[in-house]
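A structural walkthrough
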Amino acid sequence: MPERVSKGMGGATAALDLDAELMLRVKEGDGASFGVLLDKHRSSVVHFLYRMVQNHAVAEELAQEVFLRVYRSRSTYEPTAKFTTWLFRIATHLALNSLRDGKNERLQERLDDDSNDMPVRQVRDVRPSVEQSMVYQARLHEVRQAISALPEKQRAAVLMHKYEEMEYSQIARVLNCSESAVKSLLFRAYETLRARLAHMA
Amino acid sequence: MNCPLHDRETAAQLLGYCARKLDTESQAILERHIAVCPECLKFAESQRAVWEALEAWEAEPVSADFDRRLYRRIEEDGTWWDRLVRPLRPLVRHWNVAASAAGVFVLLAAGLLLNQRPAVPEAAKDTAQVEQVQPEQVEHALDAMDMLADFNRQVKASADAKM
């Protein structure tokens, strides 16, 4: 698996990738370096997966699997790409599989029942009024629905572009497609999102 | 400049502009164009609205016990092979019993292989099986080979000692 993940990725920048160096230390048996990598990427992986599958418990389960696979692959790891490219490739692969396996069949129902998965702490205002909170929840609901309505690859591309601030080239490597295909994916995805969310300005 | 919206490749620049990801020079060029192009202005405004809407979506914090659960899984993952071979370790100490068991195992395996030979597996299935082989499986197989090699050395040594 890791060999297949690494194939086709450019390796020019990998030499300077600090994460890749840490992973090489993990390969040599340094468990502390794995802890550093986990600290650094835990949140972004969980949050990416959460926005992909829109269920916190499933997202954490998948994130555990991502890091477990990283650890398992330590002995065969080769820094042929940026570490995060490899990491998000595993995460995207698992998220797409999870969505296709129908583990999130009840996604729509959960989205309809906002109280399930939208705790008060997600509201930015420290002390929002009831009205503010309701408006916020309604907007959030709309955003979540708009994202979940996107085709899976477009969704992954938008999430990596918007929240992980990845370059087109890196998204292309994660999704195993060309850079122009990523631009096209993103253009279509944002076109759909503009149609659904532009009124929120 | 030509309107970037007329080509998907260059329209990506507009996305970059709205996300403020462009370098200063490109940002300024697009800003000048947007000031005179109503189509791009509309695009930029609606894209900014989308950007802001997405920013409002904060993910929940990661569970406090995430690492503990992960390390437990790592530990379990690493020790399953140990647990599998642990009951066999006393047999290794009593090598004559182990040798008999190994002989029976080899005979059974050979018998199974001979029985399966006429059935030609589908090519696609073969490929799928190969893809599913994990590196740790290979490691474990090598460990098992090492263990058998040690065992053989012990058997030979004790046989030599008896002679």
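For the structure given in this document, a descriptive report is provided here. Quick caveat, the model's predicted, so the values are computed rather than measured. (Residues numbered from 1 in each chain as written. Chains lettered and ligands numbered in written order. Predicted model: local features only at pLDDT ≥ 70, side-chain atom pairs only at ≥ 80, totals over all residues.)

1. Points about the overall build of chain A
Each helix and strand counted, chain A has 10 helices and 0 strands in total. When the elements of chain A are put in sequence order from the N terminus, they spell out α-α-α-α-α-α-α-α-α-α. Sequence separation of at least 24 residues holds for 69% of the intrachain contacts in chain A that already meet a minimum separation of 6. (Helix = DSSP H or I, 4+ residues; strand = E, 2+ residues; numbered from the N terminus. Contact = placed C-beta atoms within 7 Å.)

2. With respect to the packing of helix 9 (residues 168-175) of chain A against helix 10 (residues 179-197) of chain A
Residues and elements named next belong to chain A. Interhelical geometry of helix 9 versus helix 10 gives an angle of 100° and a closest axis separation of 8 Å. Between helix 9 and helix 10, the crossing angle belongs to the class labelled roughly perpendicular. Within the contact between the two elements, helix 9 uses Tyr168, Ser169, Ile171, Ala172 and Leu175 and helix 10 uses Glu179, Ala181, Val182 and Lys183. Partitioned by chemical class, the residues of the contact of helix 9 with helix 10 number 6 nonpolar, 1 polar and 2 charged. (Axes fitted to C-alpha atoms, helices over the stretch in contact; angles between N-to-C directions. Parallel < 35°, antiparallel > 145°, perpendicular 65-115°, else oblique. Nonpolar A, V, L, I, M, F, W, Y, C, P; charged D, E, K, R; others polar.)

3. Some remarks on the environment of B:Cys3
Residue and element names in this part refer to chain B. Relative to the elements of secondary structure, Cys3 occurs in the segment before helix 1 (8-18). As a C-alpha pair, Cys3 and Cys40 span 37 residues in sequence and 7.7 Å in three-dimensional space. The residues contacting Cys3, other than those within four sequence positions of it, are Cys37, Glu39 and Cys40.

4. Some remarks on the packing of helix 3 (residues 31-53) of chain A against helix 8 (residues 152-162) of chain A
Residues and elements named next belong to chain A. Running from N to C, helix 3 and helix 8 cross one another at 145°; their axes reach a closest spacing of 10 Å. The two elements helix 3 and helix 8 meet at a crossing, and its hand is right-handed. Of the residues in helix 8, those touching helix 3 at Phe48, Arg51 and Met52 are Arg155, Ala156 and Leu159. Looking at the contact of helix 3 with helix 8 residue by residue, the classes come out as 4 nonpolar, no polar and 2 charged. (Left-handed = near helix turned anticlockwise from the far one by under 90°.)

5. Focus: unusual backbone geometry
All names here are of chain A. A positive phi angle, close to 55°, is found at Gln54, a residue other than glycine. Mapped onto the fold, Gln54 is located in the loop between helix 3 and helix 4 (56-72). One non-glycine residue with positive phi stands out, namely Glu165, at about 50°. By secondary structure assignment, the location of Glu165 is in the loop between helix 8 and helix 9.

6. Focus on the nonpolar core
Nonpolar side chains in soluble globular proteins tend to be buried together. Membership of the largest hydrophobic core comes to 65 residues, with the highest contact counts inside it found for A:Leu49, A:Val66, A:Leu87, A:Ala91, A:Ala157, A:Ile171 and A:Leu186. The residues touching A:Leu49, leaving out its near neighbours within four places in the chain, are A:Ala59, A:Leu62, A:Ala63, A:Ala91 and A:Ala95. (Core = buried A, V, L, I, M, F, W, Y, C linked by C-beta atoms within 7 Å. Buried ≥ 20, exposed ≤ 12 C-beta atoms within 10 Å, placed from the backbone.)

7. Description of the interface of chain B and chain A
Accessible area lost upon the coming together of the parts is a frequently used measure of interface size. At the junction of the two partners, chain B supplies 30 residues and chain A supplies 38 residues. When grouped by side-chain class, the residues that make up the side of chain B that touches chain A number 15 nonpolar, 4 polar and 11 charged.

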